[in-house]
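Examining the three-dimensional arrangement
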Amino acid sequence: MSELAIEVSNLHKSYGSLEAVRGVSFDVRRGEVFGLLGPNGAGKTTTVEILEGYRRRSAGEVWVLGHDPEVRDRGQQQRVGIVLQSCGFYPRVTVREAVEHFAKAYPRARDPAGTIALVGLEEKAEARTKDLSGGQRRRLDLALALIGDPELVFLDEPTTGFDPAARRTAWGVVRRLKDLGKTVLLTTHYLDEAQALADRVAIVKDGRIVAEGPPDQLGHGRSRYRVAYFSNGRRVEHQTDDPTELLHRLTRDALARGERLDGLEVTRPTLEEVYLHLTADADSV
Ligand SMILES: Nc1ncnc2c1ncn2[C@@H]1O[C@H](COP(=O)(O)OP(=O)(O)O)[C@@H](O)[C@H]1O
Ligand SMILES: [Mg+2]
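Just so it is clear, the structure is predicted and the values come from calculations on it, not from any experiment.

With respect to the overall build of the chain
A tally of helices and strands in the chain yields 9 helices and 12 strands. Dimensions along the principal axes, computed over C-alpha positions, put the chain at roughly 80 × 45 × 40 Å. By residue count, 33% of the 285 residues in the chain fall in the buried class. Intrachain contacts of the chain at a sequence separation of at least 6 include 65% that bridge at least 24 residues.

Below you can see the structure in the form of structure tokens.
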């Protein structure tokens with residue numbers, strides 16, 4: 001069994017003359033939470049829907065659990081959990097009835113009550129789906145995606161529109177999926193969400209990956225250290241790849257002049273600064 005759950009290589013997708021995905025390549029390891037992070041229109045949903053088998057690609061190679069998702073395969077579909085957008089579900093059934101109903105469709109379904117608990121809906125198990133809040137309905141959608149006990153779960157913008165408490169609950173669910181050994185591909189336009197959940201992140205902009213790596217290292221490869229201090233009341237800032245050498249030179253010269261470098265600090269750009277820089281529109285840089 002390959003240790004890669006997803007392999008995407010040079011993926012392209014055009015809608016008419018619009019090239020929404022322009023040569024995207026990435027791998028997701030088994031058991032990993034991988035985040036596609038980028039602004040609206042970056043091509044995240046298009047990429048995910050191709051991996052789910054809902055859209056045909058224009059070019060490139062895609063492997064999901066060792067299969068080409070364009071080739072329909074029922075066994076394969078049961079290994080993948082897809083969160084459907086709540087579409088006209090019978091409004092009068094309860095959460096428990098909905099989950100139990102879906103469980104019957106799978107040979108190795110998870111326990112319905114345990115799955116309801118997994119998404120934090122125990123207290124709503126007997127509520128009718130029409131009486132759920134938006135966030136609770138999204139959690140029900142997630143329970144329905146998980147009931148077949150998939151190995152791989154796709155979550156497209158799982159918390160968009162959630163209030164802070166609902167976001168925290170959803171984050172907890174993703175962490176529990178990881179603890180269960182599931183592979184998760186999530187998309188988000190929230191930097192903090194990618195940072196909190198993803199083992200690795202690819203930043204997508206205009207159909208291309210502009211940076212990739214563990215969230216806490218993403219900025220480092222491309223961002224330089226900043227060394228700042230005050231001189232005669234004015235802030236002086238240098239950028240460098242080698243702060244050891246620069247600090248040595250600055251402090252040596254200052255000491256030779258009998259000065260001190262007030263407020264001396266060495267920092268790196270935060271991931272937020274890197275993200276905003278990478279995803280900024282050309283005309284707003
Ligand atoms: N079915 C479609 N037909 C035409 N254009 C589309 C379609 N779906 C998405 N697009 C366009 O493709 C680009 C990428 O969209 P999408 O993949 O939804 O991005 P994201 O999920 O990152 O917001 C956008 O410019 C969007 O308007
Ligand atoms: Mg989208």
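A word on the pairing of strand β3 (residues 33-37)
The element β3 is extensively covered by neighbouring structure, given that 5 of its 5 residues are classed as buried. When β3 meets strand β7 (residues 183-188), the two strands line up parallel, connected through 5 bridges. For G35, the partnering residue across the bridge sits in β7 and is L186. In this sheet, strand β8 (residues 200-205) lies alongside β3 in parallel orientation, the contact comprising 4 bridges. Residue L36 lies in a different strand from β8, and its bridge partner there is A202.

Observations regarding the packing of helix α3 (residues 95-103) against helix α5 (residues 134-146)
For the pair α3 and α5, interaxial distance at closest approach is 9 Å and the crossing angle is 25 degrees. One element, α3, and the other, α5, form an angle in the roughly parallel class. Every pair of crossing elements has a handedness; the one defined by α3 and α5 is right-handed. The segment α3 lies against α5, with V95, A98, V99 and F102 engaging L140, A143 and L144. For the contact of α3 with α5, the residue count by class is 7 nonpolar, no polar and no charged.

Overview of the nonpolar core
Core analysis: the largest hydrophobic core is formed by 60 residues, its most contacted members being A143, V174 and L185. It is α5 that contributes the most residues to this core, 6 residues altogether. What L185 contacts, discounting residues up to four positions off in sequence, is I6, V28, F34, V48, L51 and F154.

Comments concerning the domain arrangement of the chain
Accessible area lost upon the coming together of the parts is a frequently used measure of interface size. When the domains of the chain are assigned, the result is domain 1 (4-217) and domain 2 (225-267). When each unit is reduced to the centre of its C-alpha atoms, the spacing between domain 1 and domain 2 is 47 Å.

Focus on the environment of V24
Relative to the assigned elements, V24 resides in strand β2 (residues 18-29). Between the C-alpha atom of V24 and that of A194, which follows or precedes it by 170 residues, the distance is 19 Å. Excluding residues within four positions of it along the chain, V24 makes contact with V8, L11, T47, R208 and I209.

Considering the sheet that holds strand β12 (residues 262-267)
The sheet built from 3 strands is open, its strands ordered β11-β10-β12 with antiparallel pairing. The open sheet has two free edges, formed respectively by β11 (234-240) and β12, since each of these has just one partner strand. The mean angle between the axes of side-by-side strands here comes to 15 degrees, regardless of whether they run parallel or antiparallel. Judged from the 4 bridges that link them, strand β10 (residues 225-231) and β12 form a sheet pairing that is antiparallel. By the bridge assignment, A228 is partnered in β12 with E265. Of the strands in this sheet, β10, β11 and β12 are in contact with helix α8 (residues 243-256), which crosses β10 at around 15 degrees.

Quick notes on the site of ligand 1
Near ligand 1 you find Y15, L18, A20, G38, N40, G41, A42, G43, K44, T45 and T46, and these make up its full shell. Counting residues per element, the ones that place at least two in the shell around ligand 1 are β2 and α1 (44-52). Take the shell around ligand 1: its biggest share by element is 3 residues, from α1. Class assignment of the residues belonging to the shell around ligand 1 gives a composition of 4 nonpolar, 6 polar and 1 charged.

Considering the sheet that holds strand β4 (residues 59-64)
Pairing is antiparallel in the open sheet, where 3 strands are placed in the order β2-β1-β4. In the strand order of this sheet, the two ends are held by β2 and β4, each with one partner. When the angles between neighbouring strand axes are averaged without regard to direction, this sheet yields 15 degrees. Running over the sheet, α1 touches β1 (4-15), β2 and β4 and is turned about 120 degrees from β1.

A closer look at the environment of V274
When you line up the elements, V274 lands in helix α9 (residues 271-279). In this structure, the C-alpha to C-alpha distance between V274 and L218, residues 56 residues apart in sequence, is 8.1 Å.

Examining α1
One turn of the α-helix equals 3.6 residues, which is why residues spaced by three or four share an orientation. When you tally the buried positions in α1, you get 7 out of 9 residues, the bulk of the element. In the segment just after α1, G53 is the residue with positive phi, at about 90 degrees.

Conventions used here
Residues numbered from 1 in each chain as written. Chains lettered and ligands numbered in written order. Predicted model: local features only at pLDDT ≥ 70, side-chain atom pairs only at ≥ 80, totals over all residues. Helix = DSSP H or I, 4+ residues; strand = E, 2+ residues; numbered from the N terminus. Buried ≥ 20, exposed ≤ 12 C-beta atoms within 10 Å, placed from the backbone. Contact = placed C-beta atoms within 7 Å. Pairing = 2+ DSSP bridges. Axes fitted to C-alpha atoms, helices over the stretch in contact; angles between N-to-C directions. Parallel < 35°, antiparallel > 145°, perpendicular 65-115°, else oblique. Left-handed = near helix turned anticlockwise from the far one by under 90°. Nonpolar A, V, L, I, M, F, W, Y, C, P; charged D, E, K, R; others polar. Core = buried A, V, L, I, M, F, W, Y, C linked by C-beta atoms within 7 Å. Domains from an automatic or database assignment. Near = placed C-beta within 6 Å.

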